[in-house]
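What follows is each chain in one-letter form.
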Amino acid sequence: MNIIIFGPPLAGKGTQSKKIIKDFGLTHLSTGDALRSEKAQNSDLGIEAAEYSSKGLLVPDELVAKVVEKFYHNHKEEKGILFDGYPRNIDQAQHLLDLFEADNTPLSQIIFLKVPREELLKRAKKRAEEQNRKDDRDPKIVLTRIDEFERLTIPAVQHIKATGVKTTEIDGNQSIESIYIKIQEVLG
Ligand code: AMP
């Protein structure tokens, strides 16, 4: 069971992902977490990626693809992977479809959390205080991240959906528990 969870920044993908992997036995790939961990280790990849992330921009595809391919090949024999934050544009979407096709592995589902802009900005303020994430602190950077999502990531969702993968939109502007109940219904 391979699943992608999509949603704008601060939609709650990370929070829901933690619940899903626990209950469904999946392995979690958050490319954002992976890139932050590279940065914390001061790797060349992490330092280069942070130049983009600190401005709210997407990191170049070839850098993220390295992280994804390594993770995919290390975990593909397990029950399934939950992709959180990948893909984020059409080229990345095609890259992921190609990885699955090369292994003859199905992509089971797309979950898409929808949250209005004003709510995302409110959440950014709160998370900046709680988690000390630099890219949440400046509202201009948060808006850039939301714009990048709308401009680049929504077409990636459509690209994958067009291949026939089951796609479910969920209102992400509800309590964590209510969202998760919907997700459980979808994943069965
Ligand atoms: P996230 O934690 O998913 O919000 O990601 C934080 C930041 O990491 C993003 O704003 C991007 O700069 C970078 N990032 C994460 N995933 C990707 C990706 N698939 N492609 C490009 N950049 C990414």
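Data block above holds the structure.
Definitions and limits used
Residues numbered from 1 in each chain as written. Predicted model: local features only at pLDDT ≥ 70, side-chain atom pairs only at ≥ 80, totals over all residues. Heavy atoms only, no water. Helix = DSSP H or I, 4+ residues; strand = E, 2+ residues; numbered from the N terminus. Rg over C-alpha atoms; globule rule 2.2 N^0.38 Å. Buried < 20%, exposed > 50% of the residue type's maximum accessible area, 1.4 Å probe, protein only. Contact = heavy atoms within 4.5 Å. Areas by Shrake-Rupley, 256 points an atom, 1.4 Å probe, with all protein chains shown as cover. Lys, Arg positive; Asp, Glu negative; His and termini not counted. Charge placed at Lys NZ, Arg CZ, Asp CG, Glu CD. Near = heavy atom within 4 Å. Polar contact = N/O pair within 3.5 Å; in protein donor to acceptor, adjacent residues only side chain to side chain. Salt bridge = Lys/Arg side-chain N within 4 Å of Asp/Glu carboxyl O. Arc of directions from axis to C-beta.

**Q** What am I meant to see in the overall build of the protein here?
**A** Along the protein, the regular secondary structure elements total 9 helices and 5 strands. Taken against the 2.2 N^0.38 rule, which gives 16 Å for 188 residues, the C-alpha radius of gyration of the protein at 16 Å falls within 12% of a compact globule. Its C-alpha atoms give the protein principal-axis dimensions of roughly 40 × 40 × 30 Å. Every one of the 188 residues in the protein was classed for burial, and the buried ones make up 46%. The long-range share in the protein, meaning contacts at least 24 apart out of those at least 6 apart in sequence, stands at 74%. Approximately 9,900 Å² of the protein is accessible, and the part contributed by carbon and sulfur atoms is 50%. Side-chain charges of the protein comprise 28 positive and 30 negative groups, with the mean position of each set lying 5 Å from the other.

**Q** Can you walk me through the site of the ligand in this structure?
**A** As a matter of local geometry, the ligand sits amid 16 residues, with Thr31, Ser53, Leu57, Gly85 and Arg88 nearest to it. Interatomic distance of 2.6 Å between a backbone N/O atom of Leu57 and an oxygen atom of the ligand. Contact distances for the ligand include 2.9 Å between a nitrogen atom and a side-chain N or O atom of Gln92. Contact with the protein chains removes 95% of the 480 Å² of surface that the ligand exposes when unbound.

**Q** Before we go on, may I ask you to explain the pattern of salt bridges in this structure?
**A** In a structure, side chains of opposite charge can pair up when their charged atoms sit close to one another. Across all of its chains, the model carries 13 salt bridges by this definition. Linking Asp147 and Arg117 is a salt bridge whose minimum nitrogen-to-oxygen distance equals 2.5 Å. In this pair, Asp147 is assigned in helix α8 (residues 139-161) and Arg117 in helix α6 (residues 117-131), connecting sequence segments 30 residues apart. Under the relative-accessibility criterion, Asp147 is labelled partly exposed at 38%. The exposure class of Arg117 is partly exposed, given its relative accessible area of 29%. The salt bridge involving Arg133 is made with Asp135; its shortest N-O contact spans 3.0 Å. Judged on exposure class, the residue Arg133 and its partner Asp135 are both buried. Several salt bridges converge on common partners, so that one network encompasses Arg127, Arg133, Asp135, Asp136 and Arg145.

**Q** Help me understand the side chain of Gln92 in this model?
**A** Structurally, the position occupied by Gln92 is in helix α5 (residues 90-103). The class of Gln92 is buried, set by a relative accessible area of 3%. Of the polar contacts made by the side chain of Gln92, one reaches the side chain of Asp61; its length is 3.0 Å. Discounting residues that sit within four places of it in the chain, Gln92 has contacts with Val59, Asp61, Val64, Tyr86 and Pro87.

**Q** Would you mind showing me how to read the environment of Phe24 here?
**A** Examined against the element boundaries, Phe24 turns out to sit in helix α1 (residues 13-24). Exposure remark for Phe24: the relative accessible area of 14% places this residue in the buried category. Residues Phe24 and Leu187, spaced 163 residues apart in sequence, show a C-alpha to C-alpha distance of 8.7 Å. Ignoring sequence-local partners within four residues, the contact set of Phe24 consists of Met1, Lys79, Tyr180, Gln184, Leu187 and Gly188.

**Q** What am I meant to see in helix α3 (residues 44-53) here?
**A** Residues lying three or four places apart along an α-helix face the same way, a consequence of the helix completing one turn every 3.6 residues. The set of residues buried in α3 consists of Leu45, Gly46 and Ala49. Down the axis, α3 shows its buried residues gathered within 90 degrees of arc, on one side only. Along its buried surface, α3 packs onto α2 (31-40) and α4 (61-75).

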